[in-house]
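# What the coordinates show
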Amino acid sequence: MALPPTSEKQIQNNEWLQALYHLALELTALQNLDSVLNTALKHCLDLTESQFGFVGLASEDGQALDVVAMDGFHPDTAFYEHFHLIPLRPNVFARAVLENRPIRSHDARIDPAKVGQPQGHPPVIAFLGVPLRLMDKPIGMIGLANRPEPYDLEHEQLLMTYAAQIAIVIRNAQLYEELKLAKKELEIQVVNRTQQLEEAKESLAQKASQLQKLLNEIVDVEERERHRIAQDMHDGINQLLVGAMLELKSMQHRLTNDQVAQAENSLQSVQSILHQVEAEINQIIHDLHPPSLESLGLFPALRRYGEKFSQYAKMPCSVQLLGDPVRLGADNMEIHLYRLVQEALQNISMHSAASQANVLLNYSSKTLKISVTDNGKGFDPSNVDTERESHLGLIGMRERAEIIGGQLKIQSSLGEGTVVEVMVPISREFGDG
Ligand SMILES: Nc1ncnc2c1ncn2[C@@H]1O[C@H](COP(=O)(O)OP(=O)(O)O)[C@@H](O)[C@H]1O
Ligand SMILES: [Mg+2]
């Protein structure tokens, strides 16, 4: 069966369909947006026998069209730099975008919406512009110019089909860019996060090793303290009890020999020895846990300790009060502060060679500031080797301050004496003054 004769129109339609098919293939293969636009534009010019044309994308502020592809007219760089932004005004060229529909003109030079062309631009006679749409919104346009005959409806439809394909490619390219950016940001975030984790890990490890050292130190301190108490009991109480025992023996001897008056003397000696024993035991109990701290509060307990310190360290130590004191019930706060001051005074007696120590408790409405000051030789706190197991007094003070939500400051310089200052927040709501 013979095929029916084909008209010129059918041939053209076939040609267009084929071109469209090839474009679709090319568009999916091309990666780069610029080459996609140039290829598409070349097709449009060829199929419509146009002299030149352009693809423009609306700028972000919506004020202008940015010419991103051009064919058939090749201006020099200076011209392009100067004129690549076409203002979006309602003239024959930009109406396609502003009105979001195809615009045709038989002769743009005499069109009611005509507009001047920059010098050096070939005159536009026949013109066809169609919008590039994304979800029905115009994002730019394709403009074709100067086919020998005016553009007709079929050219318009052809160009609309091209425009739909190009818009999809543009969207793909935008999505791809966004994806690349998001990926980059994610990578940066991962790197940052990893670094933060690394730092946290390091500081945790450091903290753990300090804690371990402190623990050892606490065990050490306890051991030393027990040793001292044992020594005290041996030297003091034991000796006294041995004396009392001897006194009792001689009393027994005197009683059997009817030496009543002498026996009474021995009895008095035993009584006086037992009083001394009592005093010694009280002292030991006090050292173990200062009872005045619980019954009287921080200031009286520290004043008592200051007196004892003055005696055994052979250095005058004043303990003074400013403001309105309040009991600090929470979290062993008073015992932490007491031990902290003890440690600071201990350092003064061991290291400072000072002639005077002062403790000042300064209560305000919301804070308690305690300063322990000496007029000794001073030291450089930043230069204390805290890695050495033996120097844990300062670290311990800092830890105690932290535990009770306070801050520790040490001011000292060689020859200038030292101020150890701890500041803690206090609550007056439940305090009994
Ligand atoms: N009041 C002070 N005057 C002078 N030096 C001090 C004073 N307090 C601390 N230091 C110095 O800081 C060092 C660290 O103190 P510390 O951490 O308590 O450890 P330790 O007392 O076991 O040496 C001390 O060895 C001493 O050199
Ligand atoms: Mg010390």
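So, here's what we can say about the structure.

Each value, and the rule that gives it
- Residues numbered from 1 in each chain as written.
- Chains lettered and ligands numbered in written order.
- Predicted model: local features only at pLDDT ≥ 70, side-chain atom pairs only at ≥ 80, totals over all residues.
- Heavy atoms only, no water.
- Helix = DSSP H or I, 4+ residues; strand = E, 2+ residues; numbered from the N terminus.
- Buried < 20%, exposed > 50% of the residue type's maximum accessible area, 1.4 Å probe, protein only.
- Contact = heavy atoms within 4.5 Å.
- Areas by Shrake-Rupley, 256 points an atom, 1.4 Å probe, with all protein chains shown as cover.
- Lys, Arg positive; Asp, Glu negative; His and termini not counted.
- Charge placed at Lys NZ, Arg CZ, Asp CG, Glu CD.
- Salt bridge = Lys/Arg side-chain N within 4 Å of Asp/Glu carboxyl O.
- Expected span 1.5 Å × (residues − 1).
- 1 Å grid on protein atoms, 1.4 Å probe; cavity = no way out; pocket = protein on both sides within 12 Å on 5 of 7 lines; lining within 4 Å.
- Points joined across faces, edges and corners; volume = space filled by probe spheres on them.
- Pairing = 2+ DSSP bridges.
- Axes fitted to C-alpha atoms, helices over the stretch in contact; angles between N-to-C directions.
- Parallel < 35°, antiparallel > 145°, perpendicular 65-115°, else oblique.
- Nonpolar A, V, L, I, M, F, W, Y, C, P; charged D, E, K, R; others polar.

Our next topic: the overall build of the protein. Counting its regular elements, the protein contains ten helices and eleven strands. The C-alpha extent of the protein, read off along each of the three principal axes, is 165 × 55 × 40 Å. For the protein, the residues scored as buried account for 35% of the 433 residues in total. Long-range contacts, defined as pairs at least 24 residues apart, comprise 61% of the intrachain contacts of the protein with a sequence gap of at least 6. When the accessible surface of the protein is split by element, carbon and sulfur atoms take 55% of a total near 26900 Å². Across the protein, the mean location of the 38 positive side-chain charges is 3 Å away from that of the 57 negative side-chain charges.

Moving on to the pattern of salt bridges. Following the criterion strictly, the structure yields 13 salt bridges and no others. With its nearest N and O atoms 3.2 Å apart, the salt bridge here joins Lys-42 to Asp-71. Here Lys-42 is found in helix α2 (residues 33–48), whereas its partner Asp-71 is found in strand β2 (residues 64–71), with 29 residues between them in sequence. With relative accessibility at 45%, the residue Lys-42 sits in the partly exposed group. The residue Arg-109 makes a salt bridge to Asp-107 at a minimum N-O spacing of 2.9 Å. Residue Asp-107 is classed as buried on the basis of its relative accessible area of 15%. Sharing partners across several salt bridges, the network here consists of Arg-95, Glu-99 and Arg-101.

Let us now look at helix α6 (residues 260–288). Between its first and last C-alpha, α6 extends 42 Å over 29 residues, near the 42 Å set by a 1.5 Å rise per residue. All buried positions along α6 are accounted for by Ala-263, Ser-266, Val-270, Ile-273, Val-277, Ile-284, His-286 and Asp-287.

Looking at the second largest pocket, its volume works out to about 550 Å³. Around the second largest pocket sit 28 residues that line it, and Phe-83, Ile-86, Gln-117, Pro-118 and His-121 are the ones nearest its centre. Where the lining of the second largest pocket is concerned, the elements lending two or more residues are β1 (52–58), β2, α3 (77–83), β3 (85–87) and β6 (137–145). Counting residues per element, the lining of the second largest pocket draws most heavily on α3, at four residues.

What the five strands build is an open sheet, ordered β7-β8-β9-β11-β10; its pairing is mixed. A single partner strand is all that each edge strand has here, and the edge strands are β7 (317–322) and β10 (407–412). Here the strands of the sheet are splayed against their neighbours by 10 degrees on average, with no regard to which way each runs. Relative to strand β8 (residues 357–363), β7 runs parallel, the two sharing six bridges. Each residue of the ladder has a partner; that of Ser-318, found in β8, is Asn-358.

Here we come to the environment of Ile-348. Relative to the helices and strands, Ile-348 is located in helix α9 (residues 333–352). For Ile-348, a relative accessible area of 4% translates into the label buried. Spatially, the C-alpha atom of Ile-348 lies 9.6 Å from that of Gly-417, the residues being 69 residues apart in sequence. Excluding residues that lie within four positions of it along the chain, Ile-348 makes contacts with Met-315, Ala-353, Ala-354, Ala-357, Val-372, Thr-373 and Asp-374.

So, on to the environment of Asp-287. Topologically, Asp-287 is positioned in helix α6. Sequence separation between Asp-287 and Arg-228 is 59 residues; the distance between their C-alpha atoms is 11 Å.

Turning to the packing of helix α1 (residues 8–29) against α2, a few remarks are in order. Axis separation between α1 and α2 bottoms out at 10 Å; the angle between their running directions is 175 degrees. It follows from the interaxial angle that α1 and α2 lie roughly antiparallel. From α1, Trp-16, Ala-19, Leu-23, Glu-26 and Leu-27 reach across to α2, where they touch Val-36, Thr-39, Ala-40, His-43 and Leu-47. Here the contact of α1 with α2 is composed, by residue class, of seven nonpolar, two polar and one charged.

Turning our attention to the sheet that holds β6. In a beta sheet, neighbouring strands are held together by backbone hydrogen bonds and run either parallel or antiparallel to one another. Strand order in the open sheet made by the six strands is β3-β2-β1-β6-β5-β4, with antiparallel pairing throughout. Both edges of this open sheet fall to β3 and β4 (103–105), since each of them pairs with a single strand only. The sheet shows a mean angle of 25 degrees between the axes of neighbouring strands, direction not considered. The pairing of β1 with β2 spans six bridges and is antiparallel. Directly across from Gly-56, in β2, lies its bridge partner Val-67. On the sheet, α2 packs against β1, β2 and β6 and is oriented at approximately 70 degrees with respect to β2.

Attention shifts here to the environment of Asn-347. Inspection of the secondary structure assignment puts Asn-347 in helix α9. Relative accessible area serves as the criterion here: at 21%, Asn-347 is assigned to the partly exposed category. When neighbours within four sequence positions are excluded, Asn-347 is seen to be in contact with Ser-352, Leu-394 and Met-397.

Let's shift gears to the pairing of strand β11 (residues 418–425). Bridging between strand β9 (residues 367–374) and β11 involves eight bridges; their strand directions are antiparallel. Paired with Ile-370 across the bridge in β11 is Val-422. In the sheet, β10 pairs with β11 via six bridges, with the strands oriented antiparallel. Bridged to Gln-411 within β11 is Val-419. Here β10 folds back onto β11 in antiparallel fashion, the turn holding five residues, of which Gly-415 has a positive phi close to 80 degrees.

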